[in-house]
Amino acid sequence: MTVALRRDHTIKAASVALELPMPASNTSFILENPESSIALSHFIIAINEASSEQEIYCSLATHLPELLPAERCSVTLLNPEKTTLEIFSLHGSEGALPVGKSLPFHYSNAGIAIKEKTSKLNILDPSNLFSDCQLLLQQGIKSTINAPLIISGQAIGSVNIGCKQEHLYTTNSVALMSLVASLLSTYLERQQLLEQTRHSMQGYRHYSQQLEILNRCANSLSIAKNEHEVFSSVAQSIKELVPAKRTSFVTPIKGSTEFKIRHLSEINQTLPSETILAKQNSIFSMIMREGRPIFLKSFKDLSYFETKLLAESGLVCGWCIPIYIQKQVVGVLSTATDQPVDDGENSNELLAAIGSVMGASLERLKVQKQLHHQAHHDTLTGLANRTQFNKTLNNFLTNKNNIPFALLYIDLDNFKSTNDSLGHDIGDSLLCSVTQRIRYAVPDIDLVARLGGDEFIIIAPNLENDEAAAQIASNIIDSLQSPFHIKGHKLFIGASIGISLYPHHGNTSSDLIKFADIAMYHAKGQGRNNYQFFTQALSEKINQQQHIDNALRHAISNNELHLLFQPLIEADKVQGVEALLRWTSQDIGPIGPAEFIPIAEESLIIEDLTYWVLNESLATLKELRRHQPDLFVAVNISAKVFLHSKHFVDVVRNTLKQYDLPSSALELEITENVFLNNIIQTKQQLNELRKDGVRIAIDDFGTGFSSLTYLLDLPLDTLKIDRSFVEGVENDSKKAGVIKAIIAFSKSLQLSCIAEGVETEAQKICLQNLGCERFQGYLFSRPLSVDKLQLHLATYAL
């Protein structure tokens, strides 16, 4: 059948909305945001409301820029002789290609797409002599997509978009254009079918009545809200057209050899209503295979399983109509009557038209369901997204039954470092695996949502007590304990979980989310990989931390920071000094480093503070070395600085150069935990600095990272024995044994050892007996200001 839809063929719209087809493997696409989904819905509504073919094309050109970025959108139609393409509708600058302009079919990019019946992405090249390429280049268009319009297997034209950027369009853009062209083609094909049906029945009053029924059915299906409403309208229309006694819609069961009756218009006690029907010797199997409507004149003369059942119940004859969605038969519409019908074949075309409209309506419902799913679910994990979570949470809060529930706010531990070091591909796979474990750990929970990044949230209703919420959190934490094996990597991920309870903790969504978030951060502060309930005291603590965080951001500019220095002793002489940061806020007062340093690390203000301390320490050391030329200064460096600062090595070098100090004048103190994340980058930075001559010390040795293997391969100078081992060592043989082992280990690696927190002469003597030669602590000096330090150094020099 030759198809040549032209602009002078005005077709009355049947007002049947289309459904977005499930994309085939070669045209898969993703609507990446709700705006794209809404734009596609607007396009579907617009073409259904169009009253003519011309309006359909104009609507298409108008709505395409809402789906894809485009400076120009057009529809071209092939002339009957298949020699030229006429620009039929246009959105954007007309330029040299206005509406009505003809292009050669065989020498154009649009013509190539039409001939090959495949959507094409073109980067326009001045050397390409195709007429549409040259004319579009004159208008500044640099890339185009041409998607063919195909009706009944024949290409009749193309849908075209263009933009002024070369590489803006992607394969996803091509897939979306193919989808739009397919939707339009399906709609035009259905319109053509209605038009052909109308022509075949002209001149006959009976046929006119049938056409009215068909149009009325199409109109009702365009507003049907679900599959049941679609079938009810179809069954009623069929009953008006033929003497139908029983109408059913059956579909094959995926992965099975059986059919299921999805909908039924009239229940007969002698016939199955929900029974699964076998495919063997089945009329439905034959219809699915052949894909054409059939009139069955006499059930009793047929040997099919279904016709035998119908004949036994007193039904005489009927019709079977295949239902298509995206050119695939998805089910069978079956109608039976208890009256003989002699000319039943004459109704095949009419019933096929109803079946076509039914398929289009089922398509529309699928696209609406898909669009709704995309708008309310995370594209990566398939979990509910923030929009769906907020909607569900508000439904719980407005429920008149006042159902108690818990919110569990989940943040993965160490995910960011894994994602940064191994890449987003590994990170995405890890998130999908984490999602599977969480869903398995809470199988009875209806809503698990991903808020974004590595944050998840759960609504757990009808919990009998707090222990039930705690058990859910424990199950999730336990489910993440075993390692994840992702593309050759063995990864460990934990979770910090905060819990808020309704109505105990609050009755608004914002409060409950905020309180669960506060509790989650408290869980992280408690060492991670645990859960915490919200408390009012916790809220006050978080508020205080936020207050400190805000004040800390202005500490440098307000000149609120200062340094103290504590001597490092060897052979009763001051060998170096450790710089210790202190802060006195104008608003809050003195704040200890144990309180503000963790807050600075969390918000990454620590980088600015570290560089301030480095600069001030070296500036002070410059003056101190006038009297003690070999003195060095030790500066603590946070692990976050190594992880996030790309210019740390350059800053250290430039600051030493600024104060004309040798690299040996600086010792950098790092904790063992610096090697937990991105050890390759950290090792590279330390090697560069150690090569320059900068001293490297491990602070608080023995309390952090449990592995000692990094000591064998890193450029270190000193191990600082943590004060927790020094305290009471003179009376504790276990601590003495640990310190002796550390000293022996450091000597075997040719490293120096210094004991921190030495406060008594007894501790010093014990440490000396164990082989320690360097000390730091109150026994020798408390942290001192610069002025007092200079006096102290003069005393030691005597």
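Before reading on, note that the structure itself is shown above.
Summarised in this report is the structure supplied together with it. Predicted model only: the values in this text are computed from it and were never measured.

Regarding the packing of aromatic side chains
Summed over all chains, the structure comprises 9 aromatic pairs. Between Phe259 and Phe284, the ring centres sit 5.7 Å apart and the planes meet at 65°, which makes this aromatic pair edge-to-face. Linking Phe259 in strand S8 (residues 258-264) with Phe284 in helix H8 (residues 283-290), this pair joins segments that are 25 residues apart in sequence. You'll find Phe259 and Phe284 in the same group, each marked buried. Ring plane angle 50° and centroid distance 5.4 Å describe the contact between Phe396 and Phe405, whose orientation is recorded as tilted. An identical accessibility class is assigned to Phe396 and Phe405; each is buried. Among the aromatic residues, those joined into a ring-pair cluster are Phe396, Phe405 and Tyr502.

Some details on unusual backbone geometry
In this structure, the amide linkage connecting Tyr502 to the following residue, Pro503, adopts the cis form with an omega of 5°. Relative to the helices and strands, Pro503 resides in the loop between strand S18 (494-502) and helix H15 (509-525). Even without a glycine there, the phi angle at Lys327 is positive, about 65°. Take Lys327: it is sitting in the loop between strand S11 (317-325) and strand S12 (328-337).

Details of the sheet that holds strand S15 (residues 455-461)
Spatial strand order, S14-S15-S13-S18-S19: 5 strands in an open sheet with mixed pairing. Of all the strands in the sheet, the pair left with one neighbour each is strand S14 (447-452) and strand S19 (531-533). The mean inter-strand angle of the sheet, taken between neighbouring strand axes irrespective of direction, is 20°. Here S14 runs beside S15; their pairing, made up of 5 bridges, is antiparallel. Bridged to Arg450 within S15 is Phe456.

Quick notes on the pairing of strand S13 (residues 405-413)
Buried residues dominate S13, accounting for 9 of its 9 residues. Pairing of S13 with S18 involves 9 bridges; the strand directions are antiparallel. Counted as the bridge partner of Ala406 is Leu501 from S18. When S13 meets S15, the two strands line up antiparallel, connected through 7 bridges. When the sheet's bridge partners are listed, Phe405 is paired in S15 with Pro461.

With respect to the environment of Phe492
Assignment of secondary structure puts Phe492 in the loop between strand S17 (489-491) and S18. Counting along the chain gives 11 residues from Phe492 to Gln481, while the straight-line C-alpha distance between them is 7.3 Å. Once residues lying within four places of it in the same chain are set aside, the contact partners of Phe492 are Gln481 and Pro483.

Details of the nonpolar core
Core analysis: the biggest nonpolar cluster contains 75 residues, and Trp583, Leu618, Val633, Phe648 and Leu666 have the highest contact counts within it. In terms of residues, this core owes the most to one element, helix H18 (residues 606-624), which gives 9 residues. The next biggest cluster of nonpolar side chains, apart from the first, holds 37 residues, and it includes Ile44, Phe88, Tyr187 and Leu371.

Description of the sheet that holds strand S6 (residues 154-163)
The strand order S3-S2-S1-S6-S5-S4 describes an open sheet built from 6 strands, whose pairing is antiparallel. Single-partner strands in this sheet number two, and they are strand S3 (102-104) and strand S4 (120-123). Here the average twist between neighbouring strands, direction ignored, is 30°. Pairing of strand S5 (residues 143-151) with S6, which is carried by 9 bridges, proceeds in the antiparallel orientation. Across the sheet, the residue bridging to Pro148 is Ser158, located in S6. This element, helix H4 (residues 131-138), spans strand S1 (72-78), S3 and S5 of the sheet and lies at about 130° to S3.

Regarding the pattern of salt bridges
Working definition: two side chains of opposite charge can pair if their charged atoms are close together. Scanning all chains against the criterion turns up 17 salt bridges. Of the charged contacts in the structure, one is a salt bridge between Lys487 and Asp425, with a shortest N-O distance of 2.6 Å. You can see Lys487 sitting in the loop between strand S16 (484-486) and S17 and its partner Asp425 sitting in helix H13 (residues 424-441), a full 62 residues away along the chain.

Topic: H4
For H4, every residue scored as buried is listed here: Asp132, Cys133, Leu135 and Leu136. In this structure, the buried residues of H4 make contact with S1, S3, helix H3 (109-116) and S5. Looking one or two residues beyond H4, the residue adopting positive phi is Gly140, at roughly 90°.

Remarks on the packing of helix H12 (residues 415-422) against H13
Packing of H12 against H13 leaves a shortest axis separation of 6 Å and a crossing angle of 140°. Here H13 runs oblique to H12, going by the angle between their axes. Contacts from Phe415, Thr418, Asn419 and Leu422 of H12 reach H13 at His424, Ile426, Gly427, Leu430 and Leu431.

Here we look at the pairing of S5
Summarising burial for S5: 9 of the 9 residues are buried, a large majority. Inspection of the sheet shows S4 paired to S5 by 4 bridges, in the antiparallel sense. Across the sheet, residue Asn122 finds its bridge partner in S5, namely Thr144. Counting the residues in the hairpin turn of S5 and S6 gives 2 residues, including Ser152, whose phi is positive at 50°.

Observations regarding the state of the cysteines
Should the sulfur atoms of two cysteines be covalently bonded, the bond is a disulfide. Counting across every chain of the model gives 0 disulfides. Not engaged in a disulfide, the cysteine Cys73 finds its nearest cysteine sulfur in Cys163; these two sulfurs lie 10 Å apart. For Cys73, a relative accessible area of 0% corresponds to the buried category. In this model Cys133 remains outside any disulfide bridge; the closest cysteine sulfur is found in Cys163, 14 Å from its own.

Here's the deal with the side chain of Glu578
Relative to the helices and strands, Glu578 resides in strand S21 (residues 573-585). For Glu578, a relative accessible area of 5% translates into the label buried. Among all residues touching Glu578, those that are not within four sequence positions of it are Leu564, Phe565, Gln566, Leu568, Ala634, Asn636, Glu669, Lys720 and Gln776.

Notes on the packing of H13 against helix H14 (residues 466-479)
Two elements in contact, H13 and H14, have axes separated by 9 Å at closest approach and are oriented at 140°. In this structure, H13 meets H14 at a crossing whose hand is right-handed. For the pair H13 and H14, contact is made by Arg437, Ile438 and Ala441 and by Asn475, Ile476 and Ser479, respectively. Of the residues contributing to the contact of H13 with H14, the split by class is 3 nonpolar, 2 polar and 1 charged.

Basis of the calculations
Residues numbered from 1 in each chain as written. Predicted model: local features only at pLDDT ≥ 70, side-chain atom pairs only at ≥ 80, totals over all residues. Heavy atoms only, no water. Phe/Tyr/Trp six-rings, centres within 6.5 Å; stacked < 30°, edge-to-face > 60°. Helix = DSSP H or I, 4+ residues; strand = E, 2+ residues; numbered from the N terminus. Buried < 20%, exposed > 50% of the residue type's maximum accessible area, 1.4 Å probe, protein only. Pairing = 2+ DSSP bridges. Axes fitted to C-alpha atoms, helices over the stretch in contact; angles between N-to-C directions. Contact = heavy atoms within 4.5 Å. Core = buried A, V, L, I, M, F, W, Y, C linked by side-chain atoms within 4.5 Å. Salt bridge = Lys/Arg side-chain N within 4 Å of Asp/Glu carboxyl O. Parallel < 35°, antiparallel > 145°, perpendicular 65-115°, else oblique. Disulfide = S-S within 2.5 Å. Left-handed = near helix turned anticlockwise from the far one by under 90°. Nonpolar A, V, L, I, M, F, W, Y, C, P; charged D, E, K, R; others polar.

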